[in-house]
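# Remarks on the overall topology
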There are 2 protein chains.
Amino acid sequence: MLEANFNSLANSYIRNLTPYQPGKPIEEVERELGIASAIKLASNENPLGPCPSAIVAAQEAMRKAHIYPDGGCYVLKQELAKFLNTHAMQLTIGNGSENVLEIIVKAYLTQGSAAVISQYAFLTIPLLIKSYGADLISVPAKNFSHDIKKMIAAVTDKTRVVFIVNPNNPTGTYTTNDDLVLLLKSIPGNVLVVLDEAYHEYIDQADYPDSLSLLKRYPNLVVVRTFSKAYGLAALRLGYAISSLEIADILNRARLPFNVNTIASCAATAALRDQEHIMKSVALNKQGMQQLEESLKKLGVKYIPSLGNFITIQVKNSAVEVYQKLLHEGVIVRPLGAYDMPNYLRVTVGTFDQNEMFLKALQKVL
Amino acid sequence: MLEANFNSLANSYIRNLTPYQPGKPIEEVERELGIASAIKLASNENPLGPCPSAIVAAQEAMRKAHIYPDGGCYVLKQELAKFLNTHAMQLTIGNGSENVLEIIVKAYLTQGSAAVISQYAFLTIPLLIKSYGADLISVPAKNFSHDIKKMIAAVTDKTRVVFIVNPNNPTGTYTTNDDLVLLLKSIPGNVLVVLDEAYHEYIDQADYPDSLSLLKRYPNLVVVRTFSKAYGLAALRLGYAISSLEIADILNRARLPFNVNTIASCAATAALRDQEHIMKSVALNKQGMQQLEESLKKLGVKYIPSLGNFITIQVKNSAVEVYQKLLHEGVIVRPLGAYDMPNYLRVTVGTFDQNEMFLKALQKVL
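Residues numbered from 1 in each chain as written. Chains lettered and ligands numbered in written order. Predicted model: local features only at pLDDT ≥ 70, side-chain atom pairs only at ≥ 80, totals over all residues. Heavy atoms only, no water.

## Regarding the sheet that holds strand 9 (residues 303-304) of chain A
Residue and element names in this part refer to chain A. Reading across from one edge, 9-10-13-12 is the order of the four strands in this open sheet, with antiparallel pairing throughout. Among the strands making up the open sheet, the edge pair consists of strand 9 and strand 12 (334-336). Of the strand pairs in this sheet, strand 9 and strand 10 (residues 310-314) are connected by two bridges, and their pairing is antiparallel. Paired with Tyr303 across the strands is Ile313, a residue of strand 10. Strands in contact with helix 13 (residues 275-299) are strand 9 and strand 10; relative to strand 10, the strand with the most contacts, it is inclined by about 10°. Against the sheet, helix 14 (residues 319-328) contacts strand 12 and strand 13 (341-348), and its axis sits at roughly 35° relative to strand 13. (Pairing = 2+ DSSP bridges. Helix = DSSP H or I, 4+ residues; strand = E, 2+ residues; numbered from the N terminus. Contact = heavy atoms within 4.5 Å. Axes fitted to C-alpha atoms, helices over the stretch in contact; angles between N-to-C directions.)

So this is what it looks like as structure tokens:
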């Protein structure tokens, strides 16, 4: 057997990937620093967690842990379709929205085709585009926001998909309805516009797009949402796409037969029925955001106004340094070097006490 | 906006896929036929389910449902490495072994490269190969088994991967250690040999390969296993690959950052610690297999001797017809038309009572 370099055998676009760096698990940080009761404000998780009924539903579903999932997610799709006032056949369910985004990339992108995305957009998407060998067209942002006119100009005959993260993670900025409609009107109707709305539950701005009504007019629109943020089910991995029947049919061919965990679909179905919990979570986030903004102003710390459940702050020296110091204070946040924002830290809005703990630590380390 | 045909926009190799047809969920069958207490012997699930400690671990993990999974699966990898006597860095964890198989295909196959697989092999693999636009080289089987000599002959300079399903689903046939070594010795060392061992816990045949010791001699070997069968965790989607460090590094670049559900990794970690439950499950399967074989002989029904937790039987008339009749008796099995075996039904080995119920129903409908 000749000695082989398996690295060289892999597809070149896989070999050249820099893996996504997730936020550190609390246990790992506590292990490394020998501290206890650290708080994690690094992954935009809902500090209230999921509604109790979702936990009960998941625990009950464990009784059938040996049975394969319903590959069609029949019950969840019925519930979602009712909730969204859409048709169950327009839905594609995935193992987290990252899986839904991958299914879209797998179905519509390949070597030789291109996708357009904004600078500073959620890093998993560029990573996905590259992992399928497609050309990544990154469009410079305008004040950390998507520059829609520049994105329209970046569309060529090679472009199959334009990604809009709304609001954008990690900047918290958003694309208005007018800008989104401008994009949809300006580009060819055979280019998909994929709208990542992971944080949409937190938003009440009047000029934030009503994407589901736009979908009725623009069949090239695909809306992607998740149960990982406001619904508090990040551990379970449940995301979904809403699209035209035709696109949904394609996406459901491209996905794996059993890509969705039964526990996740049972918990999500229960969580969907408890909208009071969502309202409570959104209200807590609003209060926490005010608390953080006011204190950051007092501390003279600059930040990017955010519509999500997180806020990105600017520090004078290296963000990694501040991140390390905060770690030693037992507060885990996210430095944004991977986003070419070496002087910025992303902080998740926590409970009142968690926010206070972060603010005290920040004051101490700055 | 010009009217677009989104079907024609998708990658042609996705458009042309025929989606995998999973076994019907019991609820769906009962709904359709208006019957109760149907039994499902269609998906090779462990009738005992998972060990109780796995259920408890999963239910406890739900308390942190709002926290993202540890993308590195630190705890599960440590436990698996200890159990397999391998290094944690040699492991790639996936959302079921179908996800692990997809990661391998994504990393090593693309348009213009080819993969070799046997006729009658687990259908998800050919589906995956096609879904990445690679050439599928299907090698005719010999008495429903992999024909290793023919598979060796089918390897060309375009071949990146040879898939061996051992034992094979749905035929239950297996590839001996001698044949596997012959394959590994005969093909270039830069062609991956991916061994799908989903059912290996059930096997005690002396000439069944010890794949992990072969891995030490053949670094192009990749062993794929699952918690969906003997471990009884099919609903949770947990599979893994064991490979050289170099291949594992590539596979971990190709996977999504959070492809494994926290509940699944906690349950799998607990299940791994209860090997008594596995022995119990394997013993039950052995008894059930004897029960089925003896009765099938008495009934004069031909079957393919199987090493898995399932047995494939031959019927004189259309298997779909027999399948439909069995459905009305409340017994769900799997007709194998999709495998070009229109006169064969795959039946999962159940509990003693489930097997009796199936045998009575079969006798009635034949």
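We are not done yet, so read on.
## Some details on the relation of the copies chain B and chain A
If you rotate chain B by 180° and push it 0.0 Å along the axis, it lands on chain A with an RMSD of 0.0 Å. The transformation relating the two chain copies, once decomposed into turn and shift, fits a two-fold axis. Scanning chain B for the C-alpha nearest the rotation axis identifies B:Gln59, at a separation of 2.6 Å. A share of 100% of interface residues in chain B that are also interface residues in chain A marks the association as one of identical surfaces. (Least-squares fit on C-alpha atoms with pLDDT ≥ 70 in both.)

## Points about the pairing of strand 5 (residues 159-165) of chain A
Residues and elements named next belong to chain A. Within strand 5, six of the seven residues are buried, leaving the element largely enclosed by the surrounding structure. Pairing of strand 3 (residues 114-118) with strand 5, which is carried by three bridges, proceeds in the parallel orientation. By the bridge assignment for strand 5, Ala115 is matched with Val161. Relative to strand 6 (residues 192-196), strand 5 is paired through five bridges, and the arrangement is parallel. Bridged to Val161 within strand 6 is Leu192. (Buried < 20%, exposed > 50% of the residue type's maximum accessible area, 1.4 Å probe, protein only.)

## A closer look at unusual backbone geometry
Between A:Asn166 and A:Pro167 the backbone carries a cis peptide bond, its omega angle lying at -5°. Note that A:Pro167 resides in the loop between strand 5 and helix 9 (177-186). Although it is not a glycine, B:Phe144 sits at a positive phi angle of roughly 65°. Position of B:Phe144 among the secondary structure elements: in the loop between strand 4 (135-139) and helix 8 (148-154). Here B:Arg237, not a glycine, exhibits a phi torsion of approximately 65°, which is positive. Position of B:Arg237 among the secondary structure elements: in the loop between strand 7 (221-226) and strand 8 (239-242). Take B:Arg237: its relative accessible area is 3%, and that puts it in the buried class.

## Examining the interface of chain B and chain A
A common measure of how large an interface is: the accessible area buried when the components associate. Contact residues are listed per partner, giving 83 residues for chain B and 83 residues for chain A. Put simply, chain B and chain A have two salt bridges between them. Its salt-bridge partner being A:Lys106, residue B:Glu102 comes within 2.8 Å of it at the nearest N-O pair. Scanning the region where chain B abuts chain A turns up 44 residue pairs in polar contact (both at pLDDT 80 or more). It is helix 6 (residues 97-108) of chain B that contributes the most residues to the side of chain B that touches chain A, seven residues altogether. Across the side of chain B that touches chain A, the residue classes break down as 44 nonpolar, 23 polar and 16 charged. (Salt bridge = Lys/Arg side-chain N within 4 Å of Asp/Glu carboxyl O. Polar contact = N/O pair within 3.5 Å; in protein donor to acceptor, adjacent residues only side chain to side chain. Nonpolar A, V, L, I, M, F, W, Y, C, P; charged D, E, K, R; others polar.)

## Notes on the sheet that holds strand 5 of chain A
Residues and elements named next belong to chain A. Taken in spatial order, the seven strands of this open sheet run 2-8-7-6-5-3-4, and their pairing is mixed. Among the strands making up the open sheet, the edge pair consists of strand 2 (91-94) and strand 4 (135-139). For this sheet, the mean angle separating the axes of adjacent strands, direction not counted, is 20°. Two elements, strand 7 (residues 221-226) and strand 8 (residues 239-242), share four bridges in a ladder whose sense is antiparallel. Across the sheet, residue Arg225 finds its bridge partner in strand 8, namely Tyr240. Sitting on the sheet, helix 6 (residues 97-108) is in contact with strand 2, strand 5, strand 6, strand 7 and strand 8, with an inclination near 155° to strand 7. In the packing of helix 9 onto the sheet, the strands contacted are strand 5, strand 6 and strand 7, and the crossing angle to strand 6 comes to about 160°.

## Some words on the pattern of salt bridges
Residues and elements named next belong to chain A. Summed over all chains, the structure comprises 22 salt bridges over all chains. The residue Asp204 makes a salt bridge to Lys286 at a minimum N-O spacing of 2.5 Å. Pair noted here: Asp204 is in the loop between strand 6 and helix 10 (211-217) and Lys286 is in helix 13, with a separation of 82 residues, a long-range link. Put simply, Glu79, Lys82 and Arg273 are held in one network by salt bridges that share partners.

## Examining the nonpolar core
Formed by 121 residues in total, the largest nonpolar core has its most connected members in A:Leu236 and B:Leu236. Residue contacts for A:Leu236: discarding those within four places in its chain leaves A:Asn95, A:Ile263, A:Ala264, A:Ala267, B:Met62, B:Ala65, B:Asn261 and B:Ile263. Core analysis: the next-biggest nonpolar cluster, separate from the first, contains 86 residues, A:Val194, B:Tyr13, B:Ile14 and B:Ala115 among them. (Core = buried A, V, L, I, M, F, W, Y, C linked by side-chain atoms within 4.5 Å.)

## Focus on the packing of helix 4 (residues 52-61) of chain B against helix 12 (residues 262-273) of chain B
All names here are of chain B. In the contact formed by helix 4 and helix 12, the axes pass within 8 Å of each other and the chain directions differ by 150°. Relative to helix 12, the element helix 4 lies roughly antiparallel. Handedness of the helix 4/helix 12 crossing: right-handed. Note on element contacts: helix 12 touches helix 4 through Ile263, Cys266, Ala267, Ala270 and Ala271, opposite Ser53, Ala54, Ala57, Ala58 and Ala61. (Parallel < 35°, antiparallel > 145°, perpendicular 65-115°, else oblique. Left-handed = near helix turned anticlockwise from the far one by under 90°.)

## Some details on the confidence of the model for chain A
Summing up the model confidence of chain A, the mean pLDDT is 95 and the portion of residues at 70 or higher is 97%. Scored as a whole, the predicted complex attains pTM 0.96, and scored at its interfaces, ipTM 0.96. (pLDDT = per-residue confidence, 0-100.)

## Side note on the side chain of B:Ser281
All names here are of chain B. The topology assignment puts Ser281 in helix 13 (residues 275-299). Residue Ser281 is classed as buried on the basis of its relative accessible area, which comes to 3%. What Ser281 contacts, discounting residues up to four positions off in sequence, is Asn46, Leu48, Tyr202 and Ala230.

## Considerations on helix 7 (residues 124-131) of chain B
With seven of eight residues buried, helix 7 of chain B is to be regarded as a mostly interior element. Within the span of helix 7 of chain B, buried status applies to B:Thr124, B:Ile125, B:Pro126, B:Leu127, B:Leu128, B:Ile129 and B:Ser131.

## With respect to the packing of aromatic side chains
Residues and elements named next belong to chain A. Counted under the stated rule, the structure contains 15 aromatic pairs over all chains. Both rings, one in Phe144 and one in Tyr344, keep their centres 5.3 Å apart while their planes meet at 65°; by these two values the pair is edge-to-face. Within this pair, whereas Phe144 is found in the loop between strand 4 and helix 8 (148-154), its partner Tyr344 is found in strand 13, the two being separated by 200 residues in sequence. Judged by relative accessible area, Phe144 falls into the partly exposed class, the value being 21%. When the ring of Tyr199 is compared with that of Phe310, the centres are 5.0 Å apart and the planes differ by 65°; the resulting orientation is edge-to-face. (Phe/Tyr/Trp six-rings, centres within 6.5 Å; stacked < 30°, edge-to-face > 60°.)

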